[in-house]
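Listed below are the residues making up each chain.
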Amino acid sequence: MTYYSGFVLAVPADQKDAYANHARAAWPMFQRFGALRMVEAWGEDVPHGQQTDFYSATQAVEGEVPVFSWIEWPDRATADAAWTTMMAEPQPEMSSMSDMPFDGKRMFWGGFAPVVDLS
């Protein structure tokens, strides 16, 4: 069953192009490990909440934009194997990637199995 790695982070608005280039550079590595699709969504209509919101969840500061992204995998086993390998061994694609144009310490992520999948 399809499995998703989801990520939420804040990126400085003036780093939008650098972020997109960083994501594009990462795609060949994810694809090589079996990823089916990768989506990077730049916040455009993200309201500030009274109790919680994307800004507070990422500790965004003035001038940062929330980003929501996901990687689609054919199944959890493929995703788990990919992450295990990527974390254990340097990957050739990483040497050509620029520094992260965001604060990775404020990014959060998780793995998700669909409960409804309508196409």
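Residues numbered from 1 in each chain as written. Predicted model: local features only at pLDDT ≥ 70, side-chain atom pairs only at ≥ 80, totals over all residues. Heavy atoms only, no water.

**Student:** Describe the nonpolar core, naming the residues involved and giving the relevant values.
**Tutor:** The biggest cluster of nonpolar side chains holds 19 residues, and the ones touching the most others in it are L9, V11, Y19, F30, W73 and M86. Broken down by secondary-structure element, the contributors of at least two residues to this core are β1 (3-12), α1 (16-32), β3 (64-73) and α3 (76-88). If we ignore the near neighbours within four places in the chain, the residues touching V11 are Y19, W42, G63, E64, V65, V67, P101 and F102. (Core = buried A, V, L, I, M, F, W, Y, C linked by side-chain atoms within 4.5 Å. Buried < 20%, exposed > 50% of the residue type's maximum accessible area, 1.4 Å probe, protein only. Helix = DSSP H or I, 4+ residues; strand = E, 2+ residues; numbered from the N terminus. Contact = heavy atoms within 4.5 Å.)

**Student:** Any chance you could break down the pattern of salt bridges for me, citing the residues and the numbers?
**Tutor:** Applying the stated rule across the entire model yields four salt bridges. Ionic pairing is found between R37 and E72, a salt bridge with its closest N-O pair at 3.1 Å. Of the two residues, R37 is situated in strand β2 (residues 37-42) and E72 in strand β3; the sequence distance between them amounts to 35 residues. Judged by its relative accessible area of 40%, R37 is partly exposed. When its relative accessible area of 15% is taken as the criterion, E72 is described as buried. Across the pair R76 and D80 runs a salt bridge whose closest N-O atoms are separated by 3.1 Å. A residue pair is termed a helical-turn pair when its members lie 3 or 4 positions apart in one helix, as R76 and D80 do in helix α3 at four residues. Using a relative accessible area of 49% as the deciding quantity, one classes R76 as partly exposed. (Salt bridge = Lys/Arg side-chain N within 4 Å of Asp/Glu carboxyl O.)

**Student:** Tell me about a nonpolar patch on the surface, and please be specific about residues and values.
**Tutor:** A cluster of nonpolar residues, V115, V116 and L118, forms a patch on the protein surface that exposes about 400 Å² of accessible area. Inspection of the secondary structure assignment puts V116 in the segment after β4 (108-112). Classification of V116 by relative accessible area gives exposed; the value is 60%. (Patch = residues over 30% accessible without salt bridge, like charges linked within 9 Å, V, L, I, M, F, W, Y side chains within 5 Å. Areas by Shrake-Rupley, 256 points an atom, 1.4 Å probe, with all protein chains shown as cover.)

**Student:** Requested: an account of the confidence of the model for the protein chain, with residues and values cited.
**Tutor:** Overall, the prediction assigns the protein chain a mean pLDDT of 91, with 92% of residues at 70 or greater. Helix α4 (residues 92-96) is the least confidently modelled element of the protein chain, averaging 57 in pLDDT, while β2 averages 98, the highest of any element. (pLDDT = per-residue confidence, 0-100.)

**Student:** Help me get a handle on α3, residues and values and all.
**Tutor:** Between the first and last C-alpha of α3 there are 18 Å, a value that for 13 residues agrees with the 18 Å anticipated at 1.5 Å per step. Within the sequence span of α3, burial applies to A79, A82 and M86. Seen end-on, α3 carries its buried residues on one side only, within an arc spanning 65 degrees. Residues of α3 that are exposed and point over 90 degrees away from its buried face: A77, T84 and A88. Here α3 starts with a cap whose side-chain oxygen sits 3.3 Å from the backbone nitrogen of A77, and that cap is D75. (Expected span 1.5 Å × (residues − 1). Arc of directions from axis to C-beta. Polar contact = N/O pair within 3.5 Å; in protein donor to acceptor, adjacent residues only side chain to side chain.)

**Student:** Can you explain α1? Please cite residues and give values.
**Tutor:** Compared with an ideal rise of 1.5 Å per residue, which puts 17 residues at 24 Å, α1 spans 25 Å between its outermost C-alpha atoms and is within 8% of the ideal. The largest bend in α1 is about 30 degrees, located at A26, with the proline P28 one to four residues further on. Every buried residue of α1 is listed here: Y19, H22, A23, A26, M29 and F30. G34 occupies a position one or two residues after α1 and carries a positive phi of about 110 degrees. (Bend = angle between axes of the 7 residues up to and from the residue.)

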